[in-house]
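Here is how the chains run, residue by residue.
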Amino acid sequence: MRFSTVLPAVLLALVVSLFLPANALRAQDLSAGGVATDTQVLDLIVGGEALDYQSWTDLAERAEAALEAGRASDTAFEALRRELVEWRAQFLAAQGTNQSRIRTLQSQLDALGEPPAEGETEAEEVANRRAELAEQLAELRAPVRAAEEAYNRADGLISEIDALIRARQTDALFQLGPIPLMPENWAIAAREMGEAWSATVTEARTSWNSEINRSKLRNNLPTVLLLLLVGIVLVLRGRAWARAGGAWMRRTSVRGGTVFSFLVSVGQIVIPLIGLYALTEAVFATGSAGVRMTALLDNLPSWGLVILGLRWLVDRLFSQHDGDRMLPMARAQRREARTYASTLAILLVLRDALYEFGAVENFSAATISVLEFPLLVVTSLILFRLGQLMVTHIKFDSANAERMVRARVVSFLGRIVILVSIVGPVLAATGYGAAASWLIFPTISTLGLLGLIVVLQRFTNDLYRYVMRQSEEEADSLITVLIGFMLALAALPFLALIWGARVADLTELWTKVGEGFAIGDSRISPMDFLVLLLVFVVGYMATRLLQGALKNSILPKTKIDTGGQNAIISGIGYVGIFIAALVAITSAGLDLSSLAIVAGALSVGIGFGLQNIVSNFVSGIILLIERPIAEGDWIEVGGIHGTVKRISVRSTKLETFDRFDVIIPNADFVSGRVANYTRGNSVGRIVVPVGVAYGTDTRKVQDILLKIARHHDQVLMNPEPSADFIGFGADSLDFQIRAVLRDIGQGMAVRTEMRHQIVEAFAKENIEVPFAQRDIWLRNPEALRPADPKADGGPPPADPVEAAPPSGASREPSPGDGEGGVTGGDADK
């Protein structure tokens, strides 16, 4: 398919898909009737008009005869196919008529119960009513069944026509044609080109010698000169103006320079294209354009669009300013790639002009083959060099994953381009010119389309970054990836058209998708899912807006605490999402009753497989309703202390005092034991243990501790703090300070301060704080001495340990011993 026809073909596909009634219109009335025969006309009302089954039967028989003969042209088959598509759409709409009435009758029959089995009877009144309802149901279903049969017939005929046309295209593609290297074909081409040139010159002379044309030129001379002047200026200077404007926007824009530069750069296409239209109109205004000149002038704007569009595209892809963001390549190679790509655009236009001129002059296949072969060879040479640049000069940046992937894709495409550039000329030289053209020129169009996707993806990323006020690193998010995916998805129809798909193929695919699929008596289409999605999104957004209004405007003015406000907001969120889903399913018209049994079976499996998740979900609901804990509470669960940061429907996020997060399933809060230290208020009690040496005045110690507790500003006087003498320890007399604080969160700081004051007060009163001490007694110390000290020839060793009293003996402690003293320096032993 020629590149210049891709855009009009795609636009035609979109127009046809918009006006094609793929989704069934809902007819309102249907008169009763029997099953239609080939000649019977049913009074089936669709969209206010009755379907003429006789006309449909005539069209179907004519299509079947044409398919059986197989002699009609592709154009005739395409026209016949369009008629069949219109009828098929009407039959699809007819299948949905009176469905509500049919469902009502079916429900009435179901209410009567199952029909009696063979040999059984039922009440006469019930039997009569059942027969009456069954008759009405059969009458209503008969036209629907006829529409279903006609729909299947039309759909089958359309499929047969498509298969026939595709088979013809395949045969033409691989058909052996004239060999361009044969001398006899050169002679034919030279003769036909000479005849065409002579005819063109004769036409030009005749047009110029015509007095009518000269008079028209004299009358329109000012207009012609003005159009020529405007056209020449815009064609010659338009690209330079747009390029200068883009550079100025890039330099002067503080934010969004790349976005505005891109938009201005489109003027490199638009401004010269306006100049081409002006030049075309200037030539037409002279009145001297003959048949051949008119055919060329009609295509001049589209050819200009191809050349200007590809030049703009390669300038963006291989830009000297930010080319590395598109295709990472050295500067010299980028300049070479721009030159080759621009040349390919000119070759595409020359090939299209050859076919247009050949159609006007009615060139033979031999002439077309001879004239097209040099174009194929030159195009293949340029493609080969371009493929080499893509393979050998692309930069692989391992530090950037996105550019690394892009470089690998470009390198892979370069190898394919090299292969095509070798195979194409070989096919053309051996007479398979159609296959060579189908292989080479769509490859160029495909590269252009892929390059356009890269450029548009870069632009959408820059636009998103500009709108969201983000840096390039921050803008690299999931949204930009989804935008790139949507661009690639939108390019698939264009790619199909480039490689020979018909517009009818795309519209047929769209029709099939629009028709959806049937589940029982219901038909579900993508439009139903779109309605479901839109309604759910609207409901979800409304829920979020309501939550925001409650959180920021309404609930803060009430006396509800923060935990209660969060519970209300979360509950409204869950209820709103459930209602949005219910309304969306209802609005889409989805009948899920037929899925009830399947859903019941799945629920059993889900109950076993997801019981922990369901348990946590229910526990989360209980936490939001009962609110035993709230955000900001200091709690202990499973031996973990921390502050509640977030309560979600499945788990609760706890921040420990070491500043790391712990995710705890909600079921642990419901089934386990939880200590909440700050629920309701922040008041809490602390205990500070103190030990003093034996022999200390206990009354004095108690008074000092009580005074310290009472004078701390965090300690409440109601209830009063206390200093208790709690026992005789192994090394000390044990006391405890018990005090209730205003803010238990300050407990550690209060304990620290009290200990400082205790040390200072004890030092002032000469009260000793003891530490652990131990007395070591050795039995039989003589066992540590050698049996015969003189045997060694030296003095007896010194006794390293002081002799202990005999076994069972004891000594009185020295005045410095006590509970806080140390005996013999052996406290650490």
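Residue numbers run consecutively from 1 along every chain, following the written order of its sequence. Where local features are concerned, this predicted model is filtered to residues with pLDDT of at least 70; where side-chain atom pairs are given and counted, the filter is 80 or more; whole-chain, interface and lining totals use all residues. Computation of side-chain values covers all heavy atoms of the structure but excludes hydrogens and water.

(A) Representation of the environment of Val481 within the structure. For helices the rule is a DSSP run of H or I covering at least 4 residues; for strands it is a run of E covering at least 2, with both sets numbered from the N terminus onward. Its location among the elements puts Val481 in helix H17 (residues 478-498). A residue is classified by how much of its surface remains accessible, and Val481, at 49% relative accessible area, is partly exposed. For the pair Val481 and Asn461, spaced 20 residues apart in sequence, the C-alpha separation works out to 8.9 Å. Exposure is judged per residue with a 1.4 Å probe applied to protein chains only, and the accessible area is read against the type maximum: over 50% gives exposed, under 20% gives buried, and values in between give partly exposed.

(B) Main features of the packing of helix H11 (residues 291-317) against helix H16 (residues 433-468). Axes, fitted as lines to C-alpha atoms, cover a helix only where it is in contact. Angles between the N-to-C directions of the axes lie from 0 to 180 degrees. Running from N to C, H11 and H16 cross one another at 55 degrees; their axes reach a closest spacing of 10 Å. As far as their axial angle goes, H16 and H11 are oblique. For the pair H11 and H16, the crossing hand works out as left-handed. Residues Trp312, Leu313, Arg316 and Leu317 of H11 lie in contact with H16, whose contacting residues are Gly448, Gly451, Leu452, Val454 and Val455. A per-class count over the contact of H11 with H16 returns six nonpolar, two polar and one charged. Working definition: roughly parallel below 35 degrees, roughly antiparallel above 145 degrees, roughly perpendicular at 65 to 115 degrees, and oblique for all remaining angles. Here a crossing is taken to be left-handed if its near helix is turned anticlockwise relative to the far helix by less than a right angle, and right-handed if that turn runs clockwise. Residue contacts are defined here by distance: any two heavy atoms, one from each residue, within 4.5 Å place the two residues in contact. Residues are grouped as follows: nonpolar covers Ala, Val, Leu, Ile, Met, Phe, Trp, Tyr, Cys and Pro; charged covers Asp, Glu, Lys and Arg; every other residue, Gly included, is treated as polar.

(C) Fine view of the sheet that holds strand E10 (residues 684-692). One requirement defines pairing of two strands: DSSP has to find at least two bridges between them. In space, the three strands of this open sheet follow the order E10-E12-E11, with antiparallel pairing throughout. Among the strands making up the open sheet, the edge pair consists of E10 and strand E11 (722-728). On average, adjacent strands in this sheet sit at an angle of 25 degrees to one another, irrespective of strand direction. On top of the sheet, helix H24 (residues 698-710) reaches E10, E11 and strand E12 (733-741); it is set at about 20 degrees to E12, its chief contact. Helix H25 (residues 747-764) rests against E10 and E12 of the sheet, and its axis sits at about 30 degrees to E10.

(D) Local environment of the packing of aromatic side chains. Stacked, edge-to-face and tilted are the three classes for Phe, Tyr and Trp ring pairs, Trp counted by its six-membered ring, which pair at centre distances within 6.5 Å; planes under 30 degrees apart are stacked, over 60 edge-to-face, the rest tilted. For the structure on display, the rule yields 14 aromatic pairs. Centroid distance Tyr53 to Phe91: 5.7 Å. Interplanar angle 35 degrees. Geometry classified as tilted. With Tyr53 in helix H2 (residues 53-69) and Phe91 in helix H3 (residues 74-94), the pair connects residues that are 38 residues apart, well separated along the chain. Exposure class is identical for Tyr53 and Phe91. Each is buried. Aromatic side chains Phe357 and Phe363 sit 5.9 Å apart centroid to centroid with 65 degrees between the ring planes, which places their arrangement in the edge-to-face category. The buried category is assigned to Phe363, whose relative accessible area is 11%. Taken together, the ring pairs connect Tyr53, Trp56, Trp87 and Phe91 into an aromatic cluster.

(E) Representation of the environment of Val683 within the structure. Within the secondary structure, Val683 is located in the loop between strand E9 (674-676) and E10. As a C-alpha pair, Val683 and Ile744 span 61 residues in sequence and 5.6 Å in three-dimensional space. Apart from residues no more than four positions distant in its own chain, Val683 is found in contact with Tyr677, Leu716, Val740, Leu741, Arg742 and Ile744.

(F) A look at the sheet that holds strand E6 (residues 640-647). What the five strands build is an open sheet, ordered E8-E7-E6-E5-E9; its pairing is antiparallel. Two strands in the sheet have a free side with no partner beyond their single neighbour: strand E8 (661-665) and E9. Within the sheet, the average angular offset between the axes of one strand and its neighbour, ignoring direction, is 40 degrees. Relative to E9, strand E5 (residues 634-637) is paired through three bridges, and the arrangement is antiparallel.

(G) Seen up close, helix H4 (residues 99-111). Between the first and last C-alpha of H4 there are 18 Å, a value that for 13 residues agrees with the 18 Å anticipated at 1.5 Å per step. All of the buried residues along H4 are Gln99, Ile102, Leu105 and Leu109. Projection of H4 onto a plane perpendicular to its axis shows the buried side chains occupying an angular sector of 125 degrees, all on one side. Its buried side turned inward, H4 meets helix H5 (124-173). Phi turns positive, to about 90 degrees, at Gly113, one or two residues after H4. Given the number of residues in a helix, its expected span is that number minus one, multiplied by 1.5 Å. Working note: the arc is built from the helix axis to C-beta atom directions.

(H) Structural view of the environment of Ala407. Along the chain, Ala407 falls in helix H15 (residues 401-429). A residue is classified by how much of its surface remains accessible, and Ala407, at 0% relative accessible area, is buried. Sequence-wise, Ala407 and Met390 are 17 residues apart; in three dimensions their C-alpha atoms are separated by 8.6 Å.

(I) Fine view of a nonpolar patch on the surface. Distance thresholds for patches are 9 Å for like charges and 5 Å for nonpolar side chains (Val, Leu, Ile, Met, Phe, Trp, Tyr), applied to residues having over 30% relative accessible area and no salt bridge. Working definition of accessibility: Shrake-Rupley area with a 1.4 Å probe, residue cover restricted to the visible protein chains. Should a side-chain nitrogen of Lys or Arg be within 4 Å of a carboxyl oxygen of Asp or Glu, the pair is scored as a salt bridge. A contiguous nonpolar patch, built from Leu221, Leu225, Leu228, Ile232 and Leu236 and spanning about 450 Å² of accessible area, is present on the exposed surface. Checked against the element boundaries, Leu236 lands in helix H8 (residues 221-252). Given a relative accessible area of 63%, Leu236 falls into the exposed group.

(J) The arrangement of the pattern of salt bridges in detail. Under the criterion given, the structure shown has 28 salt bridges. The partner of Glu508 in a salt bridge is Arg81, with the nearest N and O atoms 3.0 Å apart. With a gap of 427 residues between them, Glu508 in helix H18 (residues 503-515) and Arg81 in helix H3 connect regions that are remote in the sequence. What makes Glu508 buried here is its relative accessible area of 9%.

(K) Structural view of unusual backbone geometry. Between Asn718 and the following residue, Pro719, the backbone shows a cis peptide bond with an omega angle of 0 degrees. Inspection of the secondary structure assignment puts Pro719 in the loop between H24 and E11. Of note, Asn362 is a non-glycine position whose phi angle comes to about 60 degrees, a positive value. Examined against the element boundaries, Asn362 turns out to sit in the loop between helix H13 (331-361) and helix H14 (365-392). Residue classification places Asn362 among the exposed positions, given a relative accessible area of 66%.

Honestly, that's just the spatial picture; any functional story needs more than this.
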